[in-house]
2 protein chains.
Amino acid sequence: MSLTTIQLKAPYLIFIGDVENPTFAKTGAGIVQWRPELVAGQLRFAGNSLTLGVPDMTVQEAAKAGVKSIIIGVAPVGGKIEGEWLKVLEEAARLGLDVVSGLHHRLENFPGLVAATEKSGSQLVNVRTPAQGLPVGSGKKRSGKRLLMVGTDCAVGKKYTALAMAKSLQEKGVKASFRATGQTGIMIAGSGIPIDTVVTDFVSGAAEVLSPDNDKDHWDVIEGQGSILHPGYAAVSLGLLHGSQPDAFIVCHEPTRPTMEGFPQATMPTVQQCMEMTIQCGKLTNPAIRCIGISVNTSRLPAEERLPYLEKLTQETQLPCVDPILTGCEKLVTQLLATND
Amino acid sequence: MSLTTIQLKAPYLIFIGDVENPTFAKTGAGIVQWRPELVAGQLRFAGNSLTLGVPDMTVQEAAKAGVKSIIIGVAPVGGKIEGEWLKVLEEAARLGLDVVSGLHHRLENFPGLVAATEKSGSQLVNVRTPAQGLPVGSGKKRSGKRLLMVGTDCAVGKKYTALAMAKSLQEKGVKASFRATGQTGIMIAGSGIPIDTVVTDFVSGAAEVLSPDNDKDHWDVIEGQGSILHPGYAAVSLGLLHGSQPDAFIVCHEPTRPTMEGFPQATMPTVQQCMEMTIQCGKLTNPAIRCIGISVNTSRLPAEERLPYLEKLTQETQLPCVDPILTGCEKLVTQLLATND
């Protein structure tokens, strides 16, 4: 992985503070779910009953235990870092921990934090900030295999599916790495590039940097972004597709939306439309690109309709269709490895 | 045009300085060719025989004559702004002229220039700098008509064709505006957005801002960028295509390249491939998108092969094919207006 990607130092202390609603703690929960071995503990303010199921630690205890980073694992209720939050983060920085944030406000805007890092040599890491020095995409073929998540919309399970696929491949003894392209994914992976923040001229180049040359039998499992059929974000998806030069892709889908989330004027595309457009465009940098299946978030369907929906889609597409939470993603792994040259 | 686009103030003084090679004065020459009415004069250093064919002026004469901007119309030989250049630009800023640059170095990096503008209230304008506050593209239909240039590669005549089309439409009494998406185009148009410098999340939104709602019978003629089949720049082209929601497009082509310029690993696509992919992708925001013809830069073909090449391509595509310099672009204008609903 190159210097142009964000890199987090483990082990982590996950900062929860006074956030009590688990909906606002998805990032912290995701790190604990997918990377428990990197998490030393959590830091909650007195009286907060929300827990990620890991040991409670103060900043001082974390520093003594060799923790390298404090990660803001929650979204603050008012959207702002202030008061007690700042005191704790400054103390962590003073004790040499990197402070990692996915919030919109850049950590450098807090003079107390900057001063604390200057004394200790620790870093402020904003995972929303794009890397510098990225190249223009070349389209040159790289060694190793790549599996990309694509979607019919934003927020359809691309990150979850990629994490589940990488884990499943690793459990089968297949060499595989999850490659993160968004802020939560980067916090879970410990590295990555926030691809939608990259200047357009360099977006396919960023994707090339993210999945560099690798062993011939190694799979990069790449978190997707947006949708190639999205009126706002298709450029992100296309740059990621071209730079990833995927051998295989999975279409991720949410079946109950009539229109794209937050875009009432944009009709939701079908799985088949997304598949066809991905092949059309993906051929440019990998003529052998193939779809290995569909990952559906069926949670908004009535319970009794979920499995029938997957069966119907399997018949329509002649490809394995799963809900990674409901059914697991074994069928996709089998298809990936069975169709591998 | 919104505040999020770059805006230049006319009339202009074109700075040539000590640059004697016309190849490095293309920007200045382009402004004089396409916007002679905005150019008050040129500023050459003593002994320089290069001329744009407009009156010579000192900075003092320009200020007295009401000139509003000094535009760096040349690329400096060593790539740097220094010495006598800086003195002249500082003097212009001190006298209240905006200083306009398309060079990589930002004008704000020169303390003398900054100080001069602070006293006079003039502006430093870097046309490579992207606008702030751009929205995410919505895909919502806007009023007015749009004609987009697309290309089989970079540097195939998209800007020239757009300028020629806009001029030809205006001469016929059709309401038309050239919309610039690159630095030289912006200097010629006096406004625009350097689309490839925009963060990917906002690139289609930038294109929406660039060609806002307009009269029903008004044509925005939009300068294209890159190629939708380019391994490095396709994301730029797709964002521009989606945001422009063009009713019509022209494919621009250079017929002698086996591979894309500067990308020896990337086979040059055919005109037909570019046309088909543009229609496939463009349908998302304008289902009625149509190709109205092809604009070819035939200058690298042997003279006797140029017109036969255009004829052959016309037969193959069943669309008008022109070289705007060799044949003019009347056939494209006729086709555009004949197929207009």
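Remember, it's a predicted structure, so these values are computed and weren't measured experimentally. (Residues numbered from 1 in each chain as written. Chains lettered and ligands numbered in written order. Predicted model: local features only at pLDDT ≥ 70, side-chain atom pairs only at ≥ 80, totals over all residues.)

Notes on helix α8 (residues 234-244) of chain A
Part 1: By the criterion of burial, α8 of chain A is predominantly enclosed, with eleven of the eleven residues buried.
Part 2: Within the span of α8 of chain A, buried status applies to Ala 234, Ala 235, Val 236, Ser 237, Leu 238, Gly 239, Leu 240, Leu 241, His 242, Gly 243 and Ser 244 of chain A. (Buried ≥ 20, exposed ≤ 12 C-beta atoms within 10 Å, placed from the backbone. Helix = DSSP H or I, 4+ residues; strand = E, 2+ residues; numbered from the N terminus.)

What to know about the interface of chain A and chain B
Part 1: Taken together, the contact pairs 30 residues of chain A with 30 residues of chain B.
Part 2: Where the side of chain A that touches chain B is concerned, the elements lending two or more residues are α7 (203-210), α8 and β13 (263-267) of chain A.
Part 3: Tallying contributions element by element places α8 of chain A first for the side of chain A that touches chain B, with six residues.
Part 4: In terms of residue class, the side of chain A that touches chain B is made up of 14 nonpolar, 13 polar and three charged. (Contact = placed C-beta atoms within 7 Å. Nonpolar A, V, L, I, M, F, W, Y, C, P; charged D, E, K, R; others polar.)

Section: the sheet that holds strand β3 (residues 39-44) of chain A
Residues and elements named next belong to chain A.
Part 1: The parallel open sheet is built from five strands, whose spatial order is β3-β2-β4-β5-β6. Either end of the sheet is taken by a strand with one partner, and the two such strands are β3 and β6 (124-126). Here the strands of the sheet are splayed against their neighbours by 25 degrees on average, with no regard to which way each runs.
Part 2: Inspection of the sheet shows strand β2 (residues 12-17) paired to β3 by five bridges, in the parallel sense. When the bridges of β3 are listed, Leu 13 appears paired with Gly 41.
Part 3: With respect to the sheet, helix α1 (residues 26-34) is in contact with β2, β3 and β4 (69-72), its orientation differing from that of β2 by roughly 150 degrees. (Pairing = 2+ DSSP bridges. Axes fitted to C-alpha atoms, helices over the stretch in contact; angles between N-to-C directions.)

Side note on the confidence of the model for chain A
Low pLDDT marks stretches whose predicted atomic positions should not be read closely.
Part 1: In the predicted model, chain A carries a mean pLDDT of 94, and the fraction of residues at 70 or more is 98%.
Part 2: Interface predicted TM-score (ipTM) for the complex: 0.91; the corresponding pTM is 0.93. (pLDDT = per-residue confidence, 0-100.)

Some remarks on the packing of helix α3 (residues 84-94) of chain A against helix α4 (residues 111-120) of chain A
Residues and elements named next belong to chain A.
Part 1: Two elements in contact, α3 and α4, have axes whose closest approach is 7 Å; the angle formed by their N-to-C orientations is 15 degrees. Taken as axis vectors, α3 and α4 run roughly parallel relative to one another. Our pair here, α3 against α4, has a crossing hand that is right-handed. Contact residues: α3 offers Leu 86, Leu 89, Glu 90, Ala 93 and Arg 94, while α4 offers Gly 112, Leu 113, Ala 116, Thr 117, Lys 119 and Ser 120.
Part 2: Per-class residue counts for the contact of α3 with α4 are five nonpolar, three polar and three charged. (Parallel < 35°, antiparallel > 145°, perpendicular 65-115°, else oblique. Left-handed = near helix turned anticlockwise from the far one by under 90°.)

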